[in-house]
Amino acid sequence: TYAPKLILLDISDINCIRDVAKEILNCYGCVDILINNASMKVKGAVQSISLELDKKIMDANYFGPITLTKAILPNMISRRTGQIVLINSIQGKIGIPFRAA
C-alpha cells in the first residue's frame, strides 16, 4: 500500500513532462495504468484565436499525452506489463462551429 502523493502536471507544458514522469517513477517505481484524459478547448472564431493559444491546445490535447506516454513507456516495456488508455473528444471527427483548434 502506498500513501497518496499529489503531483501536479500541466500537460500543455511539454518541457516539464519528462521531469514529472521521472518523479512518479522514482516515487512508485512503475506505472501500471496510464490514463491520458487531458483536454483543452477554446470557443471563438478562427481569426480571433491567437496562434499561441492554438499551440497550447495542441500541446495539451496531442503532444502532452504523447510526451508523457513516451516517458512512461520504457518502464512498461522493461517490466513487460502496463496499460495505456487514451480518452479524447469526438470533436476530432466532427466539425463544430467556433472550435477550430
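Residues numbered from 1 in each chain as written. Predicted model: local features only at pLDDT ≥ 70, side-chain atom pairs only at ≥ 80, totals over all residues. Heavy atoms only, no water.

The name an unreviewed UniProt entry gives the chain is Dehydrogenase/reductase SDR family member 7C, with Todus mexicanus as the organism. The annotation that UniProt attaches to the chain under Sequence similarities (unreviewed entry) is "Belongs to the short-chain dehydrogenases/reductases (SDR) family." (UniProt positions renumbered as here; feature names shortened; annotations may be inferred.)

Caption draft 1: A look at the packing of helix 1 (residues 14-28) against helix 2 (residues 51-79). Running from N to C, helix 1 and helix 2 cross one another at 35°; their axes reach a closest spacing of 9 Å. For the pair helix 1 and helix 2, the crossing hand works out as right-handed. Facing helix 1, whose interface residues are Ile14, Ile17, Arg18, Ala21 and Leu25, helix 2 presents Asp59, Phe63, Gly64, Thr67, Leu68, Ala71, Ile72 and Asn75. Residues that form the contact of helix 1 with helix 2 fall into these classes: eight nonpolar, three polar and two charged. (Axes fitted to C-alpha atoms, helices over the stretch in contact; angles between N-to-C directions. Helix = DSSP H or I, 4+ residues; strand = E, 2+ residues; numbered from the N terminus. Left-handed = near helix turned anticlockwise from the far one by under 90°. Contact = heavy atoms within 4.5 Å. Nonpolar A, V, L, I, M, F, W, Y, C, P; charged D, E, K, R; others polar.)

Caption draft 2: Molecular detail of the pattern of salt bridges. Counted according to the given criterion, the structure contains two salt bridges. Measuring nitrogen to oxygen at the nearest pair gives 3.5 Å for the salt bridge that ties Lys5 to Glu23. Here the residue Lys5 occupies a position in the segment before helix 1, and Glu23 occupies one in helix 1, the gap between them amounting to 18 residues. For Lys5, a relative accessible area of 42% corresponds to the partly exposed category. (Salt bridge = Lys/Arg side-chain N within 4 Å of Asp/Glu carboxyl O. Buried < 20%, exposed > 50% of the residue type's maximum accessible area, 1.4 Å probe, protein only.)

Caption draft 3: Structural detail: the pairing of strand 2 (residues 83-86). Bridging between strand 1 (residues 33-36) and strand 2 involves four bridges; their strand directions are parallel. Looking across to strand 2, one finds that Ile33 is bridged to Gln83. Once you follow strand 1 into helix 2 and on to strand 2, the crossover reads as right-handed. (Pairing = 2+ DSSP bridges. Right-handed = clockwise from strand over helix to strand, strands pointing away.)

Caption draft 4: Representation of the packing of aromatic side chains. Evaluation of the coordinates by the stated rule reveals one aromatic pair. For the pair Tyr62 and Phe63, a centre-to-centre distance of 4.8 Å together with 80° between the ring planes defines the contact as edge-to-face. On the accessibility criterion, Phe63 (40% relative accessible area) is partly exposed. (Phe/Tyr/Trp six-rings, centres within 6.5 Å; stacked < 30°, edge-to-face > 60°.)

Caption draft 5: View of the layout of surface pockets. What the largest pocket holds in volume is close to 340 Å³. Along the walls of the largest pocket sit 20 residues, with Asn61, Asn88, Gln91, Gly92 and Ala101 positioned nearest its centre. Examining the composition of the lining of the largest pocket, we find that seven residues originate from one element, helix 2, more than from any other. Looking at the lining of the largest pocket residue by residue, the class counts come to ten nonpolar, eight polar and two charged. (1 Å grid on protein atoms, 1.4 Å probe; cavity = no way out; pocket = protein on both sides within 12 Å on 5 of 7 lines; lining within 4 Å. Points joined across faces, edges and corners; volume = space filled by probe spheres on them.)

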